[in-house]
Structure formats: structure tokens, C-alpha cells
Amino acid sequence: MLSVLYIVGLFAILYFLMIRPQQQRQKKHQEMVRNIKTDDRVITIGGIYGTIVKIKDNSVVIKVADNVRIEFLKTAISQVISKEEEDPEKGS
């Protein structure tokens, strides 16, 4: 009986320390991807900075330089950069 409680306790600890936080991060990322729009500045998982030019069903076209556009999967977008993060010294 004690060993069963021990296993259940370990599983509960594993769930609350590893599984649940990962699910919450995944939910936040899905929400961010759903809310992207054109002219948003983004960073991809590979570290490429760019501006969203076009949004398709499963992908986005990102402008990374003059006349350079790259198509990425929406899930490859790591984060959206806000104006405050972009120009920190202008806010001071």
C-alpha cells in the first residue's frame, strides 16, 4: 500500500513540476501565433528578426531585409517584439 502511494506521489510531483508548466507555455505560444498580424516584428526559433508581410493558413512571409522575404511556418515564430522592446533607449 505504501509503495502505491509513493508512486502516485511521485507522479503528482512530476505532473506539477514538468507537465503542467509545459502545457501552459504551449497554450501561450498558440495564443500568440493566433494573434499575429501583418507589420508585427517577430523573432523566429532560429533567431531571425523580421516583419510579417503576409499571413497564410499555416505559414507567414517575413521580410528580413530590403527585397528579401522568407516563408516560415507559424509555429516557427518564437516571439513578437513590442515597440518598447525594440527601442529601449527612446523610452527613457
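Details of the structure are given in the entry above.
Residues numbered from 1 in each chain as written. Predicted model: local features only at pLDDT ≥ 70, side-chain atom pairs only at ≥ 80, totals over all residues. Heavy atoms only, no water.

(A) Expanded view of the overall build of the protein. Counting its secondary structure elements, the protein contains 2 helices and 5 strands. Reading the helices (α) and strands (β) of the protein from amino to carboxyl end gives α-β-β-β-β-β-α. Compactness check: the protein gives a C-alpha radius of gyration of 20 Å against a globular reference of 12 Å for 92 residues, more than 25% above the reference. Overall, the C-alpha framework of the protein stretches about 70 × 40 × 20 Å when taken along its three principal axes. Expressed as a percentage of the 92 residues in the protein, the buried residues total 20%. Put simply, 34% of the contacts in the protein that link residues at least 6 apart link residues at least 24 apart. Summed over its atoms, the accessible surface of the protein is roughly 7300 Å², and 58% of this surface lies on carbon and sulfur atoms. Computed over 14 positive and 11 negative side-chain charges, the inter-centroid distance for the protein is 7 Å. (Helix = DSSP H or I, 4+ residues; strand = E, 2+ residues; numbered from the N terminus. Rg over C-alpha atoms; globule rule 2.2 N^0.38 Å. Buried < 20%, exposed > 50% of the residue type's maximum accessible area, 1.4 Å probe, protein only. Contact = heavy atoms within 4.5 Å. Areas by Shrake-Rupley, 256 points an atom, 1.4 Å probe, with all protein chains shown as cover. Lys, Arg positive; Asp, Glu negative; His and termini not counted. Charge placed at Lys NZ, Arg CZ, Asp CG, Glu CD.)

(B) Geometry of helix α1 (residues 2-34). With 33 residues, α1 ought to run about 48 Å at 1.5 Å a step, and its terminal C-alpha atoms sit 46 Å apart, in line with that. A maximum bend of about 40° is found in α1 at Tyr 15. (Expected span 1.5 Å × (residues − 1). Bend = angle between axes of the 7 residues up to and from the residue.)

(C) Representation of the pairing of strand β2 (residues 49-55) within the structure. Here 3 bridges tie strand β1 (residues 41-44) to β2, and the two strands are oriented antiparallel to one another. Within the sheet, the bridge partner assigned to Ile 43 lies in β2 and is Tyr 49. The turn joining β1 and β2, which pair antiparallel and follow one another in sequence, is formed by 4 residues; a positive phi near 90° is taken by Gly 47. Pairing of β2 with strand β3 (residues 59-65), which is carried by 4 bridges, proceeds in the antiparallel orientation. In the strand pairing of β3, Ile 52 is matched with Ile 62. Where β2 folds back on β3, the antiparallel hairpin that results is connected by 3 residues. (Pairing = 2+ DSSP bridges.)

(D) Quick peek at the pattern of salt bridges. According to the stated counting rule, one finds 3 salt bridges in the structure shown. Residue Glu 31 is joined to Arg 34 by a salt bridge in which the shortest nitrogen-to-oxygen separation is 2.7 Å. Residue Glu 31 and its partner Arg 34 are both found in helix α1; the two are separated by 3 residues, about one turn of the helix. Take Glu 31: its relative accessible area is 39%, and that puts it in the partly exposed class. (Salt bridge = Lys/Arg side-chain N within 4 Å of Asp/Glu carboxyl O.)

(E) Examining the side chain of Asp 40 more closely. Within the secondary structure, Asp 40 sits in the loop between α1 and β1. Aside from chain neighbours lying at most four places away, what touches Asp 40 is Asn 35, Gly 50, Thr 51, Ile 52 and Val 80.

(F) Summary view of the sheet that holds strand β4 (residues 68-73). With antiparallel pairing, the 5 strands of this open sheet are ordered in space as β4-β3-β2-β1-β5. Each having just a single partner strand, β4 and β5 (77-81) make up the two edges of the open sheet. Between one strand axis and the next, the sheet turns by 45° as a mean value, whatever way the strands run. Across 6 bridges, the pairing between β3 and β4 is antiparallel. Directly across from Ile 62, in β4, lies its bridge partner Ile 70. (Axes fitted to C-alpha atoms, helices over the stretch in contact; angles between N-to-C directions.)

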